[in-house]
Amino acid sequence: MHESFGDVCLAMKQYWGYESFRPLQREAMECVLAGRDSMVVLPTGGGKSLCFQAPAVAMPGMAVVVSPLISLMKDQVDQLQASGVPAACIHSGMTAAERMATHRGVREGSLHLLYVAPERIVKTEFIEYLHNANVSFFVVDEAHCISQWGHDFRPEYRALRVLREAFPEAAFHAYTATATPPVREDVARELGLRTPEVLVGSFDRPNLLYRAERRTDGMAQVLQILTTHQNDSCIVYCISRRRVEEVCARLREAGYAALPYHAGLDDSTRKNNQEAFIRDEARIIVATVAFGMGIDKPDVRCVIHAEMPKSIEHYQQESGRAGRDGLDAECWILYSGSDFRLWQSILEKSDNAAAVETARKKLDNIFNFCTRGACRHRTLLAYFGEGYLKDSCGACDFCLDEKAFREDSSAITDTILRCVASIGSFAGPSYTTSVLVGDMGERVTNKGHHHLDTHGTLKQHGAQVVRDWIEQLVAQGVLRKEGQYNILSVAHRLENASARLAEVERPHASKRKGPIKSQAEAGYDIGLFDALRALRRELAESKSVPPYVIFGDATLRDMARRKPVTPEQFIQTPGVGEHKQRVFGKPFLAAIREYCGLPPGDKAPSNSKKKRAFTAEQARLFSQGGGIDEYSEMMHEPPSRVLGMLLEYIETTGATEPAIWVNSAVAERILDAAQEAGPNARTLRILLAGEASEADIRICVACLKNRATVLDH
């Protein structure tokens, strides 16, 4: 590695306030440090940015990040600067003063990260500019945009290969939240990645609660969902601009602070509406799929697709805008057959037959996702080629038993299959439904299908319900659609069909359940959380940044749970780095102390417990050496109490050699790591995960501190 991994651990704690890794973060960082090309696929909210930001801080030089949208670049840079990381971006919306300041930072080598748009970075003059900038490595963010097989292909990304040719010695790293194996292969080929390390995390987002309902009264359904998110940030997606405006107007009539976002608005209005949403001035944004990629707002608590999205890839990314902070969030799809037909008509306007066929298959997949009677987490993961080991996700309408299944599923299935077999080549979904509900129109009577024994047998259920059951059977593989007109045929022999038909009627809102609460969701003081959120917004407005740039909801909830009242306690909060401690520590500590009824100041409450002093007999035992478990048994004290007493003994006596309490080989490994990363117990715990216990690390650190004291004197 070019740099010590300990430097990265220190950077994570110093700038971001984190001491542990999310899945694959460590492996991704090691690739950056080793100068090896990589492709990292992590779900939205999986901590992708930190994978390259922390190494960029630890390494000499400046990392260059290719990012597709100005809003995304600005958001990333705002968050980095708020954490004390020197970072900047170059884009067309900058003032002359901002451009000069950025160029000065590049020239002087004071920046750790520089964000640039793809169309700018491939220009010859800009490549020459970067040749004089001491670039440490390149990152291509939202890398799926480079692939024609991806769901958000952008032609300007295809030109990025010139960077590899211009910087043959630099490492390149591609990051995305959504990439199937064909897309990953295409991205690696187009970027010219050299034997890249491919790191693919789980696509599962266990904090997201997935629900899907057939749309009956769409606006009423949207309003009902929003009643449980009165003070939350929410996104409502619609297919068309017209529907965006209609839904937005209805929400505003109902008293919600909602704004529209679509390509028909002028640039200034779109930008202002997006900024209002990001800054919590508007709680709801109603948008087409044009809205999403540029949004890094972590505290979106609900995403509603008021109409069905056009693919599972799109849904995975759009629903993934919820709960990026790891806290629970809700994702809804309100679907209907008309959505399927609308998307189909849009897709068929393309002249590219292969692209139309691919998009059509994706449309079938998302419709099946909506109608299929199975765990939604498992279904999503299966689509991306990942297995799901749990029996129940505990976070979707099926696993929460919100979907009622009909006891007469077998009889209804039998009726539908017999009808399809009888109709034969005319058995499109709509026509089959007409026969089953007893339609006596000419198109049925002219074919003589009103004489079939299945004609009208499901009339009492209504056409909408019967059509939904047909789609459920298609989704479960009992029926299949074929040809341009989606003609139905029986996919399985009747005796092998084990379909479960869900009730189409919506469950009453009171019957809906929440997911199993994570630790981050439970046990915090809601009153204190609200007070801290109000303070956060006030500080954000004064600094002209989004509130989450100050602190995320997860950090505020941890404060509301632990209630730190001293700087030493405050810095232990995940998400609080040294820079944010200096800038925001005083006002937040003051707010917590006031809420808890404590006087101003940095001292802990006077009734805080003092450490128990060790006795003369215990000191004698410590001086003879031994292990924590051995002492615990002899003293009849829990290991944690024994460790505290031993650490106090080491501090009091000035002991410098840990080997009498720690296995010599383990102690040597810890001391070597401390020489590389510094005598910081939190950093060493990360660095030596699985190699040394917490107790062994703290004992060695205590001895090292005594060595430093001896040297100072």
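Each remark here, short or long, concerns the structure printed above.
Along each chain, numbering runs from 1 in the same order as the chain's sequence is written. Whole-chain, interface and lining totals are the exception, using all residues; otherwise, since this is a predicted model, local features are given only for residues with pLDDT of at least 70 and side-chain atom pairs are given and counted only at 80 or more. With hydrogens and water set aside, each side-chain value is computed from the structure's full complement of heavy atoms.

Asker: Where do I start with helix α27 (residues 628-635) in this structure?
Answerer: One turn of the α-helix equals 3.6 residues, which is why residues spaced by three or four share an orientation. Residues of α27 that are buried: I628, Y631, S632 and M635. Around the axis of α27, the buried residues are gathered within 105 degrees of arc, so they sit on the same side. α27 presents D629 and E633 as exposed residues on the side facing more than 90 degrees away from its buried surface. Helix numbering and strand numbering both begin at the N terminus, where a helix is a DSSP run of H or I of at least 4 residues and a strand a DSSP run of E of at least 2. Immediately downstream of α27, the backbone of H636 shows phi near 60 degrees, a positive value. Three labels apply to residues, based on accessible area from a 1.4 Å probe with only protein chains included: buried if under 20% of the type maximum, exposed if over 50%, partly exposed otherwise in between. The directions considered for the arc are those from the helix axis to the C-beta atoms.

Asker: What is the right way to look at the pairing of strand β3 (residues 87-90) in this model?
Answerer: Note on strand geometry: in a regular strand, side chains alternate between the two faces of the sheet. Neither face of β3 is exposed, since A87 and C89 on one face and A88 and I90 on the opposite face are all buried. We call two strands paired when DSSP finds no fewer than two bridges between them. Summarising the sheet, β3 and strand β4 (residues 113-116) pair through four bridges and their orientation is parallel. For A88, the partnering residue across the bridge sits in β4 and is L114. As a crossover connection, the stretch from β3 through helix α5 (residues 96-108) into β4 is right-handed. Handedness of a crossover is defined as follows: with both strands directed away from the viewer, a clockwise route from the first strand across the helix to the second makes it right-handed.

Asker: Sorry if this is basic, but what is going on with helix α21 (residues 526-543) here?
Answerer: Helix length check: α21, at 18 residues, gives a terminal C-alpha distance of 26 Å against a target of 26 Å (1.5 Å per residue), a fit within 8%. When checking whether two residues touch, look at their non-hydrogen atoms; a contact exists if any pair is within 4.5 Å. Along its buried surface, α21 packs onto α22 (547-550), α23 (553-562) and α25 (578-595). In protein, a polar contact means a hydrogen-donor-capable atom and an acceptor-capable atom, both N or O and within 3.5 Å, with residues adjacent in sequence counting only if both atoms are side-chain atoms; elsewhere, any N or O pair within 3.5 Å suffices. Near the N-terminus of α21, the side chain that reaches the backbone nitrogen of G527, with its oxygen 3.0 Å away, is that of D525. Trailing α21 by a residue or two, S544 shows a phi angle of about 55 degrees, which is positive. Here, expected helix span is obtained from the residue count minus one, scaled by 1.5 Å.

Asker: Which parts of the structure should I look at to understand the sheet that holds strand β11 (residues 284-287)?
Answerer: Working definition: the strands of a sheet are paired by backbone hydrogen bonds and lie parallel or antiparallel to each other. Taken in spatial order, the six strands of this open sheet run β8-β13-β12-β9-β11-β10, and their pairing is parallel. If you trace the sheet from one side to the other, it starts and ends with β8 (208-214) and β10 (258-261), each paired once. The mean angle between the axes of side-by-side strands here comes to 15 degrees, regardless of whether they run parallel or antiparallel. When strand β12 (residues 300-305) meets strand β13 (residues 329-335), the two strands line up parallel, connected through four bridges. Within the sheet, the bridge partner assigned to V303 lies in β13 and is C331. Every axis corresponds to a line fitted to the C-alpha atoms, with the helix fit spanning only the stretch in contact, and the corresponding angles, defined between N-to-C directions, vary from 0 to 180 degrees. Docked against the sheet, helix α10 (residues 218-226) engages β8, β9 (233-237), β11, β12 and β13, running at close to 170 degrees with respect to β13. The strands touched by helix α15 (residues 353-371) within the sheet are β8 and β13, with β13 carrying the most contacts at an inclination of about 110 degrees.

Asker: I would appreciate a short explanation of the packing of aromatic side chains in the present structure.
Answerer: Here the distance between the centres and the angle between the planes together describe a pair of aromatic rings. Note on ring pairs: Phe, Tyr and Trp rings are taken, using the six-membered ring of Trp, and paired if centres are within 6.5 Å. Classes follow the plane angle, with under 30 degrees stacked, over 60 edge-to-face and the rest tilted. Within the structure shown, the criterion is met by 19 aromatic pairs. Arranged with centres 5.5 Å apart and planes meeting at 70 degrees, the rings of Y524 and F529 form a pair that is edge-to-face. Residue class for Y524 comes out buried when judged on its relative accessible area of 18%. Summarising the aromatic geometry, the rings of F551 and F570 are spaced 6.2 Å apart at their centres and angled 80 degrees between planes, so their arrangement reads as edge-to-face. With F551 in the loop between α22 and α23 and F570 in helix α24 (residues 567-570), this pair connects stretches of sequence that are 19 residues apart. Each of the two residues, F551 as well as F570, counts as buried. Chaining the aromatic ring pairs together yields one cluster made of F551, F570, F584 and F588. Put simply, a charge is over a ring when the Lys NZ or the Arg CZ is close to the ring centre, within 6 Å, and near the line of the ring normal, within 35 degrees. In this arrangement the basic side chain of K297 is found over the ring face of F277, its NZ or CZ atom lying 5.5 Å from the centre. The positively charged end of R557 is found above the aromatic ring belonging to F529, 5.2 Å away from the centroid.

Asker: Help me understand unusual backbone geometry in this model?
Answerer: A negative phi angle characterises most non-glycine residues, just as the trans form characterises most peptide bonds. In the Ramachandran plot, L24 falls in the positive-phi region, its phi being about 75 degrees despite a non-glycine side chain. Of note in the backbone geometry, D280 takes a positive phi value of approximately 65 degrees without being a glycine. Structurally, the position occupied by D280 is in the loop between α12 (267-278) and β11.

Asker: Can you help me understand the side chain of E330 in this one?
Answerer: Note that E330 resides in strand β13. Within polar-contact distance, the side chain of E330 engages the side chain of H229 at 2.6 Å. For E330, the residues in contact, after removing those within four places along its chain, are L209, R211, T228, H229, R301, C302 and V303.

Asker: How do you make sense of the environment of A673 when you look at a structure like this?
Answerer: Residue position: A673 is located in helix α29 (residues 664-677). Note on A673: relative accessible area 3%, which makes it buried.

Asker: Please clarify how the pairing of strand β2 (residues 62-66) should be interpreted in this entry.
Answerer: Of all five residues in β2, five are buried, a share of seventy percent or more. Neither face of β2 is exposed, since M62, V64 and V66 on one face and A63 and V65 on the opposite face are all buried. Sheet topology places β2 next to strand β5 (residues 135-140); four bridges connect them, and they run parallel. The partner of M62 across the bridge, within β5, is V135.

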